[in-house]
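Summary of structural features
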Amino acid sequence: MAIIETRDAGGTYSEIRYSEWSATYGVSDVQVAPEATVETAARGQTVDAGQELRIRDDAGSKTIFEGSIVSAPRKAQGNQTLKCEADVWRTFEENVTIDLTTPTVEAVLTEALDESFTGRPADLVYDGPSITLSNDYSETDRTVKSVFRDMADRAGVVWWVDSTGEIVVDERGERGTWATLDGATDSFSVREYDPDDLDAVINVQTVRGTGAELVSATAT
C-alpha cells in the first residue's frame, strides 16, 4: 500500500483513493525523468490535470514520487487514470541559449539549468569525469534535454533523477548493474495471475542495467 495525495493552491495535501499505481525511474538512456500512473477509485472525488501529486510509502516516511498531473481523463465507471511527471520534465523540455568558451562538461550542464526558467543549478550533482571541451560550446534555442544528451555522449556518462528532483550525473554502472539473473539465487516470483490470460500466467522479467546488456528470466 501507499499514501497518494494531491496538493491544492494553498499548499494543503489531501489523500485520494486509488486502486493501483506505478512509478517509473531509470537512467537517461531509457528514462529522462520519473513518471507515475495512478488509477483512482470510482466516484466521490475529482482530480484535475495541473495539480501536484505525491506518492509516499504506507508509513508516510518516504516519498516515492513527487510531480504534477499532466493528464486526468475520467472513464465511464467514474474513475480516472492520472498520468504524472516529475516537475523536472518541464525543465528538460525548455529551450535555452548557451555560449561558453572551452567549458567543462559540468559547466555546460550547470549553465543549461541556470538558463532555464524552472531548473536549479543546485539540483545538479556531477560525479562524472572532469572533461574540458576542446572547443567553445554555443547553442541557441536548444532543449535542456538535448544539451544533457550531448554532454552525456561526450563524457560517457548517464544521469538519473531521484524522488527529490536531484539530477545525478555519473559514469555507467555507478548505480548498480545486474550481471546475471539466476532463478536459483535471485528472488522473483508470480504472486497472482489471470488464468484466462496467457501473458499473466507466464511472467517474463526483463532487467536493464546501466550497461547495454539485456538479461531476461521467466518465472511460472
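Residues numbered from 1 in each chain as written. Predicted model: local features only at pLDDT ≥ 70, side-chain atom pairs only at ≥ 80, totals over all residues. Heavy atoms only, no water.

Next up on the list: the overall build of the protein. Helix and strand counts for the protein stand at four helices and 14 strands. By residue count, 39% of the 220 residues in the protein fall in the buried class. Nonlocal contacts in the protein, meaning residues at least 24 apart in sequence, comprise 55% of its contacts between residues at least 6 apart. Carbon and sulfur atoms make up 43% of the accessible area of the protein, which totals about 12,500 Å². (Helix = DSSP H or I, 4+ residues; strand = E, 2+ residues; numbered from the N terminus. Buried < 20%, exposed > 50% of the residue type's maximum accessible area, 1.4 Å probe, protein only. Contact = heavy atoms within 4.5 Å. Areas by Shrake-Rupley, 256 points an atom, 1.4 Å probe, with all protein chains shown as cover.)

This part is about the sheet that holds strand S7 (residues 81-85). If you trace the seven strands from one edge of the open sheet to the other, you get S2-S1-S5-S6-S7-S4-S3, paired in antiparallel fashion. A single partner strand is all that each edge strand has here, and the edge strands are strand S2 (13-15) and strand S3 (18-24). Within the sheet, the average angular offset between the axes of one strand and its neighbour, ignoring direction, is 30°. Strand direction decides the pairing type here: strand S5 (residues 52-57) and strand S6 (residues 63-71), joined by five bridges, are antiparallel. Bridge pairing in S6 places isoleucine 55 opposite phenylalanine 65. (Pairing = 2+ DSSP bridges. Axes fitted to C-alpha atoms, helices over the stretch in contact; angles between N-to-C directions.)

A few words now on the confidence of the model for the protein. It should be kept in mind that the predicted coordinates are not to be read in detail where pLDDT is low. The share of residues in the protein with pLDDT of 70 or more is 78%, and the mean pLDDT across the chain is 84. Considering each helix and strand of the protein separately, the mean pLDDT is smallest for strand S13 (residues 203-208), with a value of 53, and largest for helix H2 (residues 105-115), with 97. (pLDDT = per-residue confidence, 0-100.)

Bringing the environment of serine 28 into the picture now. Secondary-structure assignment places serine 28 in the loop between S3 and strand S4 (35-40). Once you skip the residues sitting within four places of it in the chain, serine 28 turns out to touch Arg149, Val158 and Trp159.

Our next topic: the packing of H2 against helix H3 (residues 144-155). Relative placement of two packed helices is described by the angle separating their axes and the distance separating the axes. Close contact between H2 and H3 brings their axes to 10 Å; oriented N to C, the two are set at 170°. Here H3 runs roughly antiparallel to H2, going by the angle between their axes. Facing Val105, Val108, Leu109, Ala112 and Leu113 of H2, the residues of H3 in contact are Val144, Val147, Phe148, Met151 and Ala155. A breakdown of the residues in the contact of H2 with H3 according to their chemical character gives ten nonpolar, no polar and no charged. (Parallel < 35°, antiparallel > 145°, perpendicular 65-115°, else oblique. Nonpolar A, V, L, I, M, F, W, Y, C, P; charged D, E, K, R; others polar.)

Next up on the list: the pairing of strand S1 (residues 2-7). For a regular strand, the rule is simple: side chains alternate between the two faces of the sheet. Most of S1 is tucked away, with five of its six residues classed as buried. Sheet topology places S1 next to S5; six bridges connect them, and they run antiparallel. In the strand pairing of S5, glutamate 5 is matched with arginine 54. Where S1 meets S2, three bridges bridge the pair, whose relative direction is antiparallel. In the sheet register, threonine 6 faces S2, and the bridge partner there is serine 14. Counting the residues in the hairpin turn of S1 and S2 gives five residues, including glycine 11, whose phi is positive at 90°.

To continue, consider the nonpolar core. Leu53, Leu82, Phe92, Phe148, Trp159 and Ile167 are the most contacted members of the largest nonpolar core, which has 43 residues in total. Setting aside anything within four residues of it in sequence, one finds leucine 53 in contact with Ile4, Glu5, Thr6, Ile16, Val38, Phe65, Glu66, Gly67, Ser68, Ile69, Leu82 and Cys84. (Core = buried A, V, L, I, M, F, W, Y, C linked by side-chain atoms within 4.5 Å.)

Moving on, we come to H2. Restricting attention to buried positions, one finds in H2 the residues Val105, Val108, Leu109, Ala112 and Leu113. Mapping the buried residues of H2 onto a view down its axis gives an arc of 135°, with all of them on the same face. Buried residues along H2 sit against helix H1 (88-93), strand S8 (95-100), strand S9 (124-126), strand S10 (137-143), H3 and strand S12 (167-171). (Arc of directions from axis to C-beta.)

A word on unusual backbone geometry. The residue threonine 102 is not glycine, and still its phi comes out positive at about 35°. By secondary structure assignment, the location of threonine 102 is in the loop between S8 and H2. Despite not being glycine, aspartate 141 shows a phi value in the positive range, around 50°. Mapped onto the elements of the fold, aspartate 141 is located in strand S10. Among the residues examined, aspartate 141 registers a relative accessible area of 55% and is labelled exposed.

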